[in-house]
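# Architecture at a glance
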Amino acid sequence: MAIIDEYVKSHPKSKELHERALDHFAARGATHVGRMWEPFGPYMTHAQGSRIWDVDGREYIEFRNGHGALILGHGHPAIVKAIQDQVTKGSLYGASHELEIEWAELIKGMVPTAERVEFFACGQEANMMGIRIARAFTGRRKVLRFEENFHGWADELVAPHALGVVSSGVRVIPAHDVQALEEELATGQYAIVLTEGGGAHMAGQVPWEPGFIRAVGSMAKRYGTIWLLDEVVTGFRDGPGGWGGLMGLQPDLTTLGKCVAGGMPAGVLTGRADIMGMLTPRPPPQRWIPHSGTWNAMPIVCAAGIAACKLLKDGSVQRRVNELGAYMRGAGNRALKQRGYNWRLYGRSIIHTYFGPVDFEVDEAGNPPTRDIEMMLAGTEEKHKLGVYLLQHGIHTHQGTMFILSIAHTKEDIDKAVDALVKAIGEAMADGAIGESPSLR
Ligand SMILES: Cc1ncc(COP(=O)(O)O)c(C=O)c1O
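For the structure given in this document, a descriptive report is provided here. Just so we're clear, the structure is a prediction, and the values are computed from it rather than from any experiment.

Here Ile407 shows up in the loop between β16 (402–404) and α14 (411–431). Taking the relative accessible area as the measure of exposure, Ile407 reaches 27% and is therefore partly exposed. With 296 residues separating them along the chain, Ile407 and Val111 place their C-alpha atoms 21 Å apart. Sequence-distant contacts of Ile407, that is, excluding residues within four places in its chain, are made with Ile71, Leu72, Gly73, Val317, Arg320 and Val321.

With that settled, consider the pattern of salt bridges. By the definition in use, this model includes 16 salt bridges. Between Arg51 and Glu59 there is a salt bridge, with its nearest N and O atoms 3.0 Å apart. With a closest N to O distance of 2.9 Å, Arg51 and Asp413 form a salt bridge. Taken together, the residues Arg51 in strand β2 (residues 51–54) and Asp413 in helix α14 connect sequence positions 362 residues apart.

Between helix α1 (residues 2–10) and helix α13 (residues 380–392), whose axes approach to 10 Å, the crossing angle comes to 55°. The angle between α1 and α13 falls in the class oblique. You can see that α1 and α13 cross each other, and the crossing is left-handed. Packed against α1, whose contacting residues are Ile3, Ile4, Glu6, Tyr7 and Ser10, the element α13 presents Val388, Tyr389, Leu391 and Gln392 at the interface.

For the rest of this paragraph, the subject is the sheet that holds strand β7 (residues 190–196). Spatially, the seven strands line up as an open sheet ordered β4-β12-β11-β10-β7-β5-β6, and their pairing is mixed. Every interior strand has two partners, whereas the edge strands, β4 (116–120) and β6 (170–173), have only one. Between one strand and the next, the sheet's axes are offset by a mean angle of 20°, whatever the strand orientation. One ladder, built from three bridges, connects strand β5 (residues 142–146) with β7; its direction is parallel. The residue bridging Val143 from the neighbouring strand is Ile192, located in β7.

Moving on to the site of the ligand. Lining the immediate surroundings of the ligand are Cys122, Gly123, Gln124, Asn127, Phe150, His151, Glu196, Asp230, Val232, Val233 and Lys258. Contacts to the ligand include Gln124, whose backbone N or O atom sits 2.9 Å from an oxygen atom. Interatomic distance of 2.7 Å between a side-chain N/O atom of Asp230 and a nitrogen atom of the ligand. Among the elements that make up the shell around the ligand, the one with the highest residue count is helix α5 (residues 123–138) (three residues).

Let's shift gears to the sheet that holds strand β1 (residues 44–48). Taken in spatial order, the four strands of this open sheet run β1-β2-β3-β15, and their pairing is mixed. At either end of the open sheet lies a strand with only one pairing partner, and these are β1 and β15 (395–396). As paired strands, β2 and strand β3 (residues 59–62) are joined by three bridges and run antiparallel to one another. Its bridge partner lying in β3, Ile52 is registered against Tyr60.

What follows covers the side chain of Asp252. Looking at the element boundaries, Asp252 is found in the loop between α8 (242–247) and β11 (253–257). Within the structure, the side chain of Asp252 is placed 2.7 Å from the backbone nitrogen of Trp227, a separation counted as a polar contact. One polar contact links Asp252 to Arg272, side chain to side chain, over a distance of 2.9 Å. If sequence neighbours within four positions are ignored, Asp252 has contacts with Thr225, Ile226, Trp227, Thr270, Gly271, Arg272 and Ile275.

A few words on the pairing of strand β10 (residues 226–231). Each regular strand carries side chains that alternate between the two faces of the sheet. Burial analysis of β10 places six of its six residues in the buried class, which makes it a mostly covered element. Across the two faces of β10 the burial is the same, with Ile226, Leu228 and Asp230 and Trp227, Leu229 and Glu231 all buried. Pairing of β7 with β10 involves five bridges; the strand directions are parallel. Bridging across to β10, Glu196 finds its partner in Asp230. Sheet topology note: the β10/β11 ladder contains four bridges and is parallel. Along β11, the bridge assignment pairs Leu229 with Thr254.

Turning to the nonpolar core, a few remarks are in order. Core analysis: the biggest nonpolar cluster contains 74 residues, and Trp103, Ile107, Phe236, Val260, Met328 and Phe403 have the highest contact counts within it. Among the elements that line this core, the one with the most residues is helix α10 (residues 299–312), at ten residues. The residue makeup of this core includes at least three contributed by each of domain 1 (2–74 + 316–431) and domain 2 (77–312). Val260 has contacts with Trp103, Ile107, Phe236, Val268, Gly305, Ala308 and Cys309, leaving out every residue within four places of it along the chain.

Rules behind the numbers
Residues numbered from 1 in each chain as written. Predicted model: local features only at pLDDT ≥ 70, side-chain atom pairs only at ≥ 80, totals over all residues. Heavy atoms only, no water. Helix = DSSP H or I, 4+ residues; strand = E, 2+ residues; numbered from the N terminus. Buried < 20%, exposed > 50% of the residue type's maximum accessible area, 1.4 Å probe, protein only. Contact = heavy atoms within 4.5 Å. Salt bridge = Lys/Arg side-chain N within 4 Å of Asp/Glu carboxyl O. Axes fitted to C-alpha atoms, helices over the stretch in contact; angles between N-to-C directions. Parallel < 35°, antiparallel > 145°, perpendicular 65-115°, else oblique. Left-handed = near helix turned anticlockwise from the far one by under 90°. Pairing = 2+ DSSP bridges. Near = heavy atom within 4 Å. Polar contact = N/O pair within 3.5 Å; in protein donor to acceptor, adjacent residues only side chain to side chain. Core = buried A, V, L, I, M, F, W, Y, C linked by side-chain atoms within 4.5 Å. Domains from an automatic or database assignment.

As structure tokens, then:
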């Protein structure tokens, strides 16, 4: 484990902070399950553009980008200015203000199906309200979801039998099983079906078959179930209309998060006016859903969201980031094949790593030839190890599983990342940290 030893030696301050954190944060010192590294992650001090620095003074090319929220890169001047200008005028009014209307108008101009808009503190809250509204609107209780699709950690959004979860009425079925989908929906018991934009895990680590996602929409309509497309990652990352816009989809409800607020915490629920009308007060005996939330439409968040949406609304940022993604796939896959490594890169502006038994070609749109969950998620353990090797080469990734791109990246950044990737795989294999074939989940 020569490189891991080198990593530990060259990150003494991060090691010290990790040891301090172990006394406070029960999840092995981390504040998010995705921030748990083995042996420990770097503790960051500052970030700018496509770079991030740690307490040991090491610089990394940044491919994590705030869990995908920072398509504009770190510290984009328009976002910094918007937040600075607003914070001097008040960060939280606890009252209505014009910025919330302006942000909603921008969002409605970008999402064709957005007739009404509701703001939340984060993406999962928007999904939770989507479920409640659908139940109220349909008079039904059950929730249909797909394997590996991630929508947050609340009871109805995680695996139904996860520890500590009370979530009666949630059914999770395999993706791409049209028969199972129809059998469930035909029971007439489902209030809502949720799908993740792009596919399971961060814009499509396991991508959707286009025909299947369209079948979800048409079958949900046929059986009176509300269809929610969760674009918390893909909304405004894949284009001004999100992934749904690229695919020409017409979901009843759409949720947004991450990029929509320019890196500030927020969630958005949008969709049909009749369904969203469940939030409208009505005289008794009719009922309606009151929505509270201290942080809803917080002025500094709205200011950042407005600045971000203005930059994202004509699609040029997303086109550039997608071009960088295509460049990375091309250069990366050429280099990996040349060395005979059974690793591949795929995806659009979030580039996923694949480690598996098959040698495959990625299509023009960035899709792998298979949607097999086991195959696409194989080797997660090895990818996490690779993430540490990449750190030692100055590359900060989503723990080796993905490279999240932003407008701040250059082709030179990507060339360096590809070079580091092939070197890191070679070193990890030489150290015995990674074998010839992946471990299964
Ligand atoms: C597809 C998807 N939906 C919902 C969420 C939850 O968003 P948040 O972390 O803002 O609550 C995430 C978070 O990564 C996500 O990837």
